[in-house]
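# Examining the three-dimensional arrangement
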Amino acid sequence: SGFIFDVSGSSIFSEEWEIILAYLCSNVSFYFLKALAPTVNFQVGDISRLPNPSLSLENKNRLINLSRSCVQIVKDDWDSYEISWEFKTLKILSYNEVSFSKAVKNQIDFKNDIRYLLKSNEEKINSILINDFQLESEIKIEVKERDLSIKPSNQKEICIEFISFAVGCMFGRYSLDAKGLVLANQGEGLSDYLKMVPNPTYMPDDDNVIPILDLDWFEDDISLRFKRFLKTTFGHENFEENLRFIENCIGKDIRKYFLSDFYKDHLRFYKKRPIYFIFNSPKGSFNALIYLHRYQRDTVAILRDKYLRELLLKLRAEKTTLERIETNNNYSSGEKNKAIKETQKIDNIIAELQKWEKDVIFPLASQLIDLNLDEGVKINHSKFGSALRKVS
């Protein structure tokens with residue numbers, strides 16, 4: 001429903017769609033098509049030449065039930081991913097576990113069970129059609145694991161999906177208290193969110209700017225926000241164990257993941273059409289996410305005044321502290337040398353951010369850029385130029 005077809009994806013319309021779908025997805029139809037159309041793409045004429053099965057009423061009903069079951073299994077699985085239009089919430093949150101590792105095991109077991117059911121259904125379909133065409137000696141009933149529409153889950157992917165959903169909740173795209181999309185219309189903000197979710201279990205960000213930095217410079221830093229989200233969803237008692245499990249699965253500290261890998265995974269999920277845009281300075285000393293649907297004309301100005309300039313103030317204060325160490329005889333030569341190196345590092349960061357603000361961020365903030373979701377992600381992303389990380 002809601003889709004149209006073209007020559008690269010033809011469609012069949014029939015009251016007996018379940019039987020046709022089962023047949024066309026069976027080993028039998030591919031056996032015939034290898035002879036009729038030994039190419040990558042099947043044309044309308046190739047499909048029309050397929051022989052029709054002569055099914056008994058009993059086998060027709062069996063195929064209808066099996067076909068419907070397969071469709072529902074695959075649809076439910078697809079809808080469990082946030083890129084689905086029908087996505088409601090993460091399956092992992094439904095197990096009511098306080099142990100994240102146990103919830104992950106439950107998710108993997110569940111996925112294996114539905115894959116087994118799908119495989120069993122498809123092999124029953126093959127059996128019915130193979131017997132109908134009397135091709136028992138020519139075609140195998142077996143469905144190979146790699147041909148199943150549902151892929152097996154693994155710990156790392158489940159953790160990455162959980163982190164992605166957490167970021168969605170940080171921006172108010174999703175909520176722990178509501179199913180499906182919450183803030184998904186252009187220009188919506190926290191006040192709109194609170195109309196739909198008056199008493200949220202987990203409060204989203206208020207200004208649509210979430211910094212991603214190497215240290216806890218801000219209270220709403222993405223790493224700190226994620227840790228609060230993990231405590232909210234899986235409890236405080238097992239927090240350290242749960243965080244350690246996630247970090248082991250993704251192969252690094254959560255802060256390092258957000259700095260180096262999160263956006264790569266986001267681009268992979270959303271096929272290089274991100275719903276979150278990441279502002280980052282030339283050398284990566286400053287990074288901040290915004291949510292495309294919540295963007296306002298003053299969002300870049302907020303990023304500049306509340307975060308970039310505030311970070312510069314914090315860096316200068318840190319530099320002053322380090323300079324006191326350098327001149328204080330109460331510190332060892334090792335401590336002084338370390339302070340000198342840190343001071344030099346901070347000087348370089350300050351120089352980088354000052355230039356970036358002057359040349360890139362200040363002009364953008366002054367423009368009060370308008371976005372239009374109907375123009376698509378690619379065009380809207382290009383309006384910010386070099387301020388955003390490239391989407392290659």
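Scroll up to find the structure.
Notes on the structure follow. Treat the numbers as computed from the prediction; the structure is a model and nothing was measured. (Residues numbered from 1 in each chain as written. Predicted model: local features only at pLDDT ≥ 70, side-chain atom pairs only at ≥ 80, totals over all residues. Heavy atoms only, no water.)

## With respect to the packing of aromatic side chains
Enumeration according to the criterion identifies 27 aromatic pairs in this entry. For the pair Y202 and F229, a centre-to-centre distance of 5.1 Å together with 90° between the ring planes defines the contact as edge-to-face. Remark: F229 occurs in helix α8 (residues 222-234) and Y202 occurs in the loop between α7 (190-196) and β1 (210-211); sequence separation between them is 27 residues. Comparing Y202 with F229 shows no difference in burial state: the two are buried. Above the face of the F239 ring, K231 is positioned so that its terminal group lies 4.7 Å from the ring centre. (Phe/Tyr/Trp six-rings, centres within 6.5 Å; stacked < 30°, edge-to-face > 60°. Helix = DSSP H or I, 4+ residues; strand = E, 2+ residues; numbered from the N terminus. Buried < 20%, exposed > 50% of the residue type's maximum accessible area, 1.4 Å probe, protein only. Lys NZ or Arg CZ within 6 Å of the ring centre and 35° of its normal.)

## Let's talk about the pairing of strand β3 (residues 287-291)
Looking along a regular strand, one sees side chains alternate from face to face of the sheet. With five of five residues buried, β3 is to be regarded as a mostly interior element. Across two bridges, the pairing between β1 and β3 is antiparallel. Within the sheet, the bridge partner assigned to I210 lies in β3 and is L289. Bridge count between strand β2 (residues 276-280) and β3: five bridges; the pairing is antiparallel. From the neighbouring strand, Y276 faces β3, where its bridge partner is Y291. The antiparallel hairpin formed by β2 and β3 contains six residues in its connecting segment, where G284 sits at a positive phi of about 80°. (Pairing = 2+ DSSP bridges.)

## Looking at a positive patch on the surface
On the surface, a cluster of positive charge is made up of K34, K140, K144 and R146. Its place among the elements puts K140 in the loop between α5 (100-133) and α6 (155-171). (Patch = residues over 30% accessible without salt bridge, like charges linked within 9 Å, V, L, I, M, F, W, Y side chains within 5 Å. Areas by Shrake-Rupley, 256 points an atom, 1.4 Å probe, with all protein chains shown as cover. Salt bridge = Lys/Arg side-chain N within 4 Å of Asp/Glu carboxyl O. Lys, Arg positive; Asp, Glu negative; His and termini not counted. Charge placed at Lys NZ, Arg CZ, Asp CG, Glu CD.)

## Thoughts on the side chain of S153
Structurally, S153 is set in the loop between α5 and α6. Here the side chain of S153 touches K111 through a polar contact of 3.3 Å, side chain to side chain. Other than its neighbours up to four places away in sequence, S153 contacts I108, K111 and I158. (Polar contact = N/O pair within 3.5 Å; in protein donor to acceptor, adjacent residues only side chain to side chain. Contact = heavy atoms within 4.5 Å.)

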